[in-house]
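# Residue-level structure breakdown
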Amino acid sequence: MAAPHNLDVYLQLLKRDGTMILVGAPAEPHPSPGVFNLIFKRRQLAGSLIGGIRETQEMLDFCAQHDIVSDVEMIPMDYINTAYERMLRSDVKYRFVIDLASLK
Amino acid sequence: MIKTKAYAAQSATSELAPFELHRRSPGAEDVQIEILYCGVCHSDLHTVRGEWHNTLYPSVPGHEIVGRVVAVGDKVRNFKPGDLAGVGCMVGSCGHCHSCDEGEEQYCDNGFTGTYNGPVFGGENTYGGYSQTIVVKESFVLHIKHAEKDLASVAPLLCAGITTYSPLRHWGAGPGKTVGIVGLGGLGHMAVKIALTPWALTSFYLPRLRRARSKTASGLVPMKFAFPPIPSKWRLMQTALISSSTRWPLRTIWMSISNCSSAMAR
Ligand SMILES: [Zn+2]
Ligand SMILES: [Zn+2]
C-alpha cells in the first residue's frame, strides 16, 4: 500500500549540491523527478539501505549514550493484524512493539 | 532443534496466526536469544502481503528484535547467557566480498541473508522476530547498553534507527547543516531524534503540506502537493531523508543543526 511520492516537490527545496536520500521502500516506485531539478543546482538523489553490523552497534551505543529510544505502543502478539491496519492509516505514534511474553 | 512458538502468514491474503517452528540448536559460533520484544516495521507488512513479490510462505516477519541470551556456542567470545542482545535486519552475509570486508554487509555482493524471508537472492527461508526464540551467528548479534527498563523502546532502533542513522552519518549531517525529514513515522521520528543529538536544536520549521485536490485516476497516488511558501532561510536544506512509506507524507520537519561544538562526521 505504500505509495510513490512526487520527489520534485522536495528536490526543489535543496540548495546547491544538496542530497535527497530515499530510505523508505514503497511497493511501487516513485516517478522519476524532473531532470532540471537535478542539473540546475547539481543536486543529488540517493538511496540508503539499513547499515552494516559495525555501524549498527555504533548507532546503538550512540543512542544509549544520548538516551535515545523510540516512541512505542506496546501490543500483544494477537493484536498484530489490527496493528497492521492501524499502521496503514498512520495511526501509531510512532512504532508498535510486540511483547513476546504475550505469545503463549 | 528448538521448538518455538511464532506468528506466521500462510499466504499473501491470510492474516497472521499462531505457528510453530524449529530453530537450529546453537552451533559453535551461534547465540541463542529469548526474544522479549520485537518492533513492527512496514517491511513486515509488505512481506507478509507479498507486495514486493518475493515472499516465501509461511512468513514469520520481525527484524527489530531485542531479548536475552540464553545459550552460546563454544567459540562465542562476546556474549554470555543473561546478556541483553539485539538482532536487526540481517543474520548473515558472504563474509568475503568487498562490502563485507568494509563492514557494509547490507550491500554484500552475494546477497545478505535477511532475518526473515531468506537470502535476498533466493535460498532457504528464514523466520524473524514474531517468535519466542532465535538462533543467530555471533557476528550478527548486537549488544544493548540501554537500561533494561527501556528495552521495548530500543527494539525499533534495530531497523528504523539504523536506517536513518546510517545516511545521516554517511552524508555528514551535523553542525551547519539543515536536514529535512519527509514522513514522520517509525523511521522519520528516529531520524529527528538522531539528527538533533547531541546538538541543541536551534530552530525548526514544520511546513503544513496539504493534499492537493487533484488526484490521479486511481485515487491512490498523490502526484501533487499544495506546498506552502517556505521561508527563504529554510530553502537551504542540505539533506533530505524521504522516509515515508505510507500514502501521505503530510508530516514533515526541517531542522537546522547548529549551536554545537562537536561534529557528527567521523
Ligand atoms: Zn524494517
Ligand atoms: Zn559479502
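Note: the structure precedes this text.
Each chain has its residues counted from 1, following the order in which its sequence is written. Each chain gets a letter, beginning with A, and each ligand a number, beginning with 1, in the order they are written. Since the coordinates come from a predicted model, pLDDT governs what is reported: local features require at least 70, and pairs of side-chain atoms require 80 or more to be given and counted, while whole-chain, interface and lining totals use all residues. Side-chain numbers here rest on the full set of heavy atoms in the structure, without hydrogens or water.

With that settled, consider the coordination of the zinc ion (ligand 1). Residue and element names in this part refer to chain B. Ligation of the zinc ion (ligand 1) by protein atoms is provided by Cys-41 (SG), His-63 (NE2) and Cys-159 (SG), these donors lying 2.0 to 2.3 Å from the ion. Because water is not among the atoms used, a metal site may look incomplete, as its donors are only the N, O and S atoms within 2.8 Å, or 3.2 Å for Na, K and Ca. Spacing between the donor residues of the zinc ion (ligand 1) along their common chain follows C-x21-H-x95-C. Taken together, the residues His-63 in the loop between helix 1 (42-48) and strand 4 (65-72) and Cys-159 in the loop between helix 3 (151-154) and helix 4 (160-170) connect sequence positions 96 residues apart. Helix numbering and strand numbering both begin at the N terminus, where a helix is a DSSP run of H or I of at least 4 residues and a strand a DSSP run of E of at least 2.

What follows deals with the coordination of the zinc ion (ligand 2). Residue and element names in this part refer to chain B. Every protein donor of the zinc ion (ligand 2) is accounted for by Cys-94 (SG), Cys-97 (SG), Cys-100 (SG) and Cys-108 (SG), and the metal-donor separations fall at 2.3 to 2.4 Å. Coordination at the zinc ion (ligand 2) comes from four donor atoms whose angles at the metal span 103 to 118 degrees, giving a geometry best classed as tetrahedral. Spacing between the donor residues of the zinc ion (ligand 2) along the chain follows C-x2-C-x2-C-x7-C. Assessed through its relative accessible area of 11%, Cys-100 is described here as buried. Geometry is assigned from the angles between donors: four donors with all angles from 85 to 135 degrees make a tetrahedral site, four or six donors whose opposite pairs exceed 155 degrees while the rest stay between 65 and 115 make square planar or octahedral sites respectively, and everything else is labelled irregular. For every residue, the accessible area obtained with a 1.4 Å probe (protein chains only) is divided by the maximum for its type, and the residue is called buried under 20%, exposed over 50%, and partly exposed between those limits.

Moving on to the packing of helix 3 (residues 53-65) of chain A against helix 4 of chain B. Between N-to-C directions, angles span 0 to 180 degrees; the directions come from axes that are lines fitted to C-alpha atoms, helices contributing only their stretch in contact. Packing of helix 3 of chain A against helix 4 of chain B brings their axes to within 10 Å, and their N-to-C directions diverge by 100 degrees. Comparing the axis directions of helix 3 of chain A and helix 4 of chain B gives the class roughly perpendicular. On helix 4 of chain B, the residues touching Glu-55, Thr-56, Glu-58, Met-59 and Phe-62 of chain A of helix 3 of chain A are Gly-161, Ile-162, Tyr-165, Ser-166 and Arg-169 of chain B. Note that the term roughly parallel is reserved for angles under 35 degrees, roughly antiparallel for angles over 145, roughly perpendicular for angles of 65 to 115, and oblique for everything else. Should any heavy atoms of two residues lie within 4.5 Å, those residues are counted as being in contact.

When you line up the elements, Tyr-37 of chain B lands in strand 3 (residues 30-39). Separated by 93 residues in the primary sequence, Tyr-37 of chain B and Tyr-130 of chain B have C-alpha atoms spaced 8.7 Å apart. In contact with Tyr-37 of chain B, not counting residues within four places along its chain, are Met-74, Val-97, Ile-98, Asp-99 and Leu-100 of chain A together with Glu-64, Ile-65, Val-66, Leu-151, Ala-152 and Ala-155 of chain B.

With that settled, the discussion passes to the side chain of Gln-57 of chain A. Relative to the elements of secondary structure, Gln-57 of chain A occurs in helix 3. Beyond its immediate stretch of four places on either side in the chain, Gln-57 of chain A contacts Leu-142, His-143 and Lys-145 of chain B.

Turning our eyes to something else, we now look at the nonpolar core. Only buried residues count toward a nonpolar core. Its members are Ala, Val, Leu, Ile, Met, Phe, Trp, Tyr and Cys residues joined through side-chain atoms within 4.5 Å. With 79 residues, the main nonpolar core has Ile-80 and Tyr-84 of chain A together with Val-40 and Tyr-130 of chain B as its most contacted residues. When residues of this core are assigned to their parent elements, the largest contribution, six residues, is made by helix 5 (residues 186-195) of chain B.

Here a helix's expected span is defined as the number of its residues, less one, multiplied by 1.5 Å. For helix 3 of chain A, with 13 residues, the first-to-last C-alpha span of 18 Å sits near the 18 Å given by 1.5 Å per residue. Considered for burial, the residues of helix 3 of chain A that qualify are Ile-53, Glu-55, Thr-56, Gln-57, Met-59, Leu-60, Phe-62 and Cys-63 of chain A. Buried residues in helix 3 of chain A make contact with strand 6 (90-92), strand 9 (142-143), helix 3, helix 4 and helix 5 of chain B.

This part is about the interface of chain B and chain A. Contact with chain B, which involves 98 residues of that partner, is made by 72 residues of chain A. Once two parts are brought into contact, the accessible area they lose, counted with a 1.4 Å probe and summed over both, makes up the buried area. Taken together, the two surfaces of chain B and chain A that pack against each other cover about 7800 Å², and 64% of this comes from carbon and sulfur. The term salt bridge refers to a pairing of a side-chain nitrogen on Lys or Arg with a carboxyl oxygen on Asp or Glu at a separation within 4 Å. At the boundary of chain B and chain A, one finds five salt bridges. When the shortest N-O distance is used, the salt bridge between Glu-58 of chain A and Arg-169 of chain B registers 2.8 Å. Pairing of N or O atoms within 3.5 Å defines a polar contact, subject to two protein rules: one partner must be a possible hydrogen donor and the other a possible acceptor, and residues neighboring in sequence count only if both atoms are side-chain atoms. Counting across the chain B and chain A interface gives 25 residue pairs in polar contact (both at pLDDT 80 or more). Elements supplying a minimum of two residues to the side of chain B that touches chain A: strand 1 (2-8), strand 3, helix 1, strand 9, helix 3, helix 4, helix 5 and strand 14 (237-242) of chain B. The classification used treats Ala, Val, Leu, Ile, Met, Phe, Trp, Tyr, Cys and Pro as nonpolar, Asp, Glu, Lys and Arg as charged, and all other residues, Gly among them, as polar. Each residue belonging to the side of chain B that touches chain A can be placed in one class, and the counts come to 55 nonpolar, 25 polar and 18 charged. Strand pairing is assigned whenever DSSP identifies at least 2 bridges connecting the two strands. Inspection of the sheet shows strand 4 (residues 95-99) of chain A paired to strand 3 of chain B by three bridges, in the antiparallel sense. Residue pairing across strands places Ile-98 of chain A opposite Cys-38 of chain B, the latter belonging to strand 3 of chain B.

With that settled, the discussion passes to the layout of surface pockets. Residue and element names in this part refer to chain B. Any residue with an atom within 4 Å of a point lines the site, the site being either a cavity, points on a 1 Å grid over the protein atoms alone where a 1.4 Å probe fits but cannot get out, or a pocket, an open set with protein on both sides within 12 Å along at least 5 of 7 lines. Grid points are joined across faces, edges and corners, and a volume is the space filled by probe spheres set on the points. The space that makes up the second largest pocket amounts to roughly 410 Å³. Arg-23, Arg-24, Asn-125, Thr-126 and Tyr-127 are the residues nearest the centre of the second largest pocket, which is lined by 16 residues in total. Breaking the lining of the second largest pocket down by element, the ones donating at least two residues are strand 2 (17-23), strand 6 and strand 8 (133-137). Examining the composition of the lining of the second largest pocket, we find that four residues originate from one element, strand 8, more than from any other. Tallied by class, the residues present in the lining of the second largest pocket amount to six nonpolar, six polar and four charged.

On to the pattern of salt bridges. Scanning the model with the defined rule gives 15 salt bridges over all chains in all. Between Asp-17 of chain A and Arg-16 of chain A there is a salt bridge; the shortest N-O distance is 2.9 Å. One salt bridge connects Asp-61 of chain A with Lys-145 of chain B, and the closest N-O pair in it is separated by 3.0 Å. Of this pair, Asp-61 of chain A sits in helix 3 while Lys-145 of chain B sits in the loop between strand 9 and helix 3, placing the two residues on different chains. Given the relative accessible area of 24%, Asp-61 of chain A is considered partly exposed. Taking the relative accessible area as the measure of exposure, Lys-145 of chain B reaches 51% and is therefore exposed. The structure contains a network of salt bridges with shared partners spanning Glu-73, Arg-86, Arg-89 and Asp-91 of chain A.

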